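Close look at the chain arrangement
Residues per chain are reported as follows:
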Amino acid sequence: MNHLKTFILLAALTALFMGIGYLIGGATGMAIALLLAGGMNLFSYWNADKIVLKMYRAQPVDEQHPNAVVRNYVADVRQMARDAGLPQPQVAIIPNDQPNAFATGRNPENAAVCATTGLLDMLTREEVRGVMAHELAHVKNRDTLIMTVTATIAGAIAALANFALFFGGGDDRERPGGIIGTLALMLLAPMAAGLVQMAISRGREYEADRVGAEIAGDPQALASALQKIDAYAKRITNQTAERNPASGQMFIINPLAGRGADNLFSTHPATVNRVKALMELGATMGMQPRPRTSDLTQPRPAAGFTTSTTGVPATPTEPRGPWG
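Cut-offs applied
- Residues numbered from 1 in each chain as written.
- Predicted model: local features only at pLDDT ≥ 70, side-chain atom pairs only at ≥ 80, totals over all residues.
- Heavy atoms only, no water.
- Pairing = 2+ DSSP bridges.
- Helix = DSSP H or I, 4+ residues; strand = E, 2+ residues; numbered from the N terminus.
- Contact = heavy atoms within 4.5 Å.
- Axes fitted to C-alpha atoms, helices over the stretch in contact; angles between N-to-C directions.
- Core = buried A, V, L, I, M, F, W, Y, C linked by side-chain atoms within 4.5 Å.
- Buried < 20%, exposed > 50% of the residue type's maximum accessible area, 1.4 Å probe, protein only.
- Salt bridge = Lys/Arg side-chain N within 4 Å of Asp/Glu carboxyl O.
- Phe/Tyr/Trp six-rings, centres within 6.5 Å; stacked < 30°, edge-to-face > 60°.
- pLDDT = per-residue confidence, 0-100.
- Parallel < 35°, antiparallel > 145°, perpendicular 65-115°, else oblique.
- Nonpolar A, V, L, I, M, F, W, Y, C, P; charged D, E, K, R; others polar.
- Expected span 1.5 Å × (residues − 1).
- Arc of directions from axis to C-beta.

Taken together, four strands build an open sheet; the order of strands is β1-β2-β4-β3 and the sheet is mixed. Edge strands, defined here as strands with exactly one partner in the open sheet, are β1 (59-60) and β3 (101-104). Most of the contacts of helix α2 (residues 68-83) go to strand β2 (residues 90-94), to which it runs at about 145°, and overall it touches β2 and β4 (112-116). Strands β3 and β4 of the sheet are contacted by helix α4 (residues 125-140), whose axis makes an angle of about 20° with β3.

Below, the structure written as C-alpha cells:
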C-alpha cells in the first residue's frame, strides 16, 4: 500500500509539472527548465553519495578500527546487511555530537550508511543496531532513488516557476489568469511540489521503520533510539545540516530541530507516532514492553554499549567518548 501511495504521489508531481508547463512555461520554456533541472539532478543522482559524504566529513571505518564501539557498529551493519540479502554497504562515521544517521547512494550496490559519533556515544548497542537497520531498510527499499526522482521533478517545477517570474511565460492572452495567475502559480506550485515531496518522505520513513525493525528483530530498540535521538536533536545543533537544510530529509530524525527553528512542513513523521507503530509491531511479535524511564537528568552511558536502558540520558557538561 505504501508503494502504491508513493506511485500516486509521484504521478501527482508529474501531473503538476506538466500542468505548470502548459499554463506558464510554454513549450520552449518548459523544455529549457526541464533540461536545466534534469541536468543538475542527473549530476546529483550519479554523485549524490560522494557529495553528501564529503559535505558531512564522513570517515569510512571497518572492523580493524581501534575503538571497540566502532568495531561493533561495523560488524552489526555488515551482519544485518547479509541477513537482509543486501550487498555490503560502505560504513562511515560522521564527527558530529548530534545523534543521527542516514543512508545514501543510488542503489544497494552503491550504498553508504553513516552514523554520527554522537549516536555511537549516546545509544546502547541494541539501539544503534535498530537505527542502522532502519537505514539498511532505506537501501533495501531503494528510497534514495525515489527521493532523487521526487527532487528532480520538484526542482523542475521550481525552475518553471522562476522562468515565469523572469521571462513572463509568453503572451498574457495565452495564459489563464494572466500575470496574476502566473504570480500565484509561481508561489503555490513549488509549495505544492514540496508538500508532495514531504508526503513521500514521511511515508518512506514509516516503511523503513517497519522493515528495519524486522531486519534487526527488535522494534522496541528502534523505538527507544528514536525517542533518544529526537530529544537530543532538539538540544544539539547540527551545524552542517543547518547550512544545508535540503539534506535534512536523509536523516532518521530531522536534524534541523537543534536550532529550534524547524521548517514549516516536516519531512519526518511525528516521533510519537513512529514509536507507537513500532511498539504495536513489537506486540504482534510477542515482545513484552521493556521498562524505561523518561528522567533526563540521569548520566549518559559511556561509549561501549554497557547498559540496556531505554530512557533518554542527559548530555554531560564535558565531552565524553572516544572522540573527545
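This is not the end of the story, as more comes after the structure.
With 46 residues, the main nonpolar core has Tyr73, Val131 and Met132 as its most contacted residues. One finds Val52, Leu53, Cys114 and Phe251 within the second-largest nonpolar core, a separate group that totals 13 residues.

Time to look at the side chain of His138. With respect to the secondary-structure elements, His138 resides in helix α4. Residue classification places His138 among the buried residues on the basis of a relative accessible area of 6%. Non-local contacts of His138, meaning those with residues more than four positions away in its chain, are made with Ala103, Asp143, Thr144, Arg204, Glu205 and Ala208.

Attention now goes to unusual backbone geometry. Its identity as a non-glycine residue notwithstanding, Arg57 has a phi of 55°, on the positive side. By the secondary structure assignment, Arg57 is in the loop between α1 (2-55) and β1. Classification of Arg57 as exposed rests on a relative accessible area of 53%. The phi dihedral of Arg142 is positive, around 55°, even though this residue is not glycine. Along the polypeptide, Arg142 turns up in the loop between α4 and α5 (143-167).

This next bit is on the pattern of salt bridges. According to the stated counting rule, one finds 10 salt bridges in the structure shown. Between Glu127 and Lys228 there is a salt bridge; the shortest N-O distance is 2.9 Å. With Glu127 in helix α4 and Lys228 in helix α7 (residues 219-233), this residue pair connects regions lying 101 residues apart in the sequence. For Glu127, a relative accessible area of 2% translates into the label buried. Put simply, Lys234 and Asp230 hold a salt bridge, and the shortest N to O gap is 3.3 Å. Each of Asp76, Arg125 and Arg129 takes part in a single network of salt bridges with overlapping partners.

Using the criterion set out here, one finds three aromatic pairs in the structure. Ring centres of Tyr56 and Phe251 lie 5.3 Å apart, and the angle between their planes is 70°; on these two criteria the pair is classed as edge-to-face. Taken together, the residues Tyr56 in the loop between α1 and β1 and Phe251 in the loop between α8 (239-243) and α9 (271-284) connect sequence positions 195 residues apart. You'll find Tyr56 and Phe251 in the same group, each marked buried. Pairwise contacts between aromatic rings join Tyr56, Phe102 and Phe251 into one cluster.

On average, residues of the protein chain score 76 in pLDDT, and 56% of them are at 70 or above. Contacts of residues 258-264 to residues separated by more than four positions or lying in other chains number 11 contacts, the stretch itself having pLDDT below 50. Low pLDDT (under 50) marks residues 293-324, which in the prediction has 77 contacts with non-local residues, meaning those over four places away or in another chain.

Mapped onto the elements of the fold, Thr104 is located in strand β3. Thr104 sits in the buried class, given a relative accessible area of 5%. Ignoring sequence-local partners within four residues, the contact set of Thr104 consists of Ala48, Asp49, Val52, Leu53, Asn110, Ala111, Ala112 and Thr144.

Another point: the packing of α4 against α7. Axes are the key here: two packed helices are described by the angle between their axes and the distance separating the axes. Viewed as axis vectors pointing N to C, α4 and α7 meet at an angle of 90°, and their least axial separation amounts to 8 Å. The orientation of α4 with respect to α7, classified from their angle, is roughly perpendicular. Between α4, through Glu126, Glu127, Gly130, Val131 and His134, and α7, the contact on the second element is made entirely by Ala221, Leu222, Ser224, Ala225, Lys228 and Ile229. Here the residues of the contact of α4 with α7 sort into five nonpolar, three polar and three charged.

Compared with the 20 Å implied by 1.5 Å per residue over 14 residues, the 20 Å span of α9 between its first and last C-alpha is a close match. Those residues of α9 lying buried are Thr271, Arg274, Val275, Leu278, Leu281 and Gly282. Along the axis of α9, the buried residues cluster in a sector spanning 120°; they form a single face. Among the exposed residues of α9, those oriented more than 90 degrees off its buried face are Val272, Lys276, Ala283 and Thr284. Two residues or fewer after α9 comes Gly286, characterised by a positive phi angle close to 80°.

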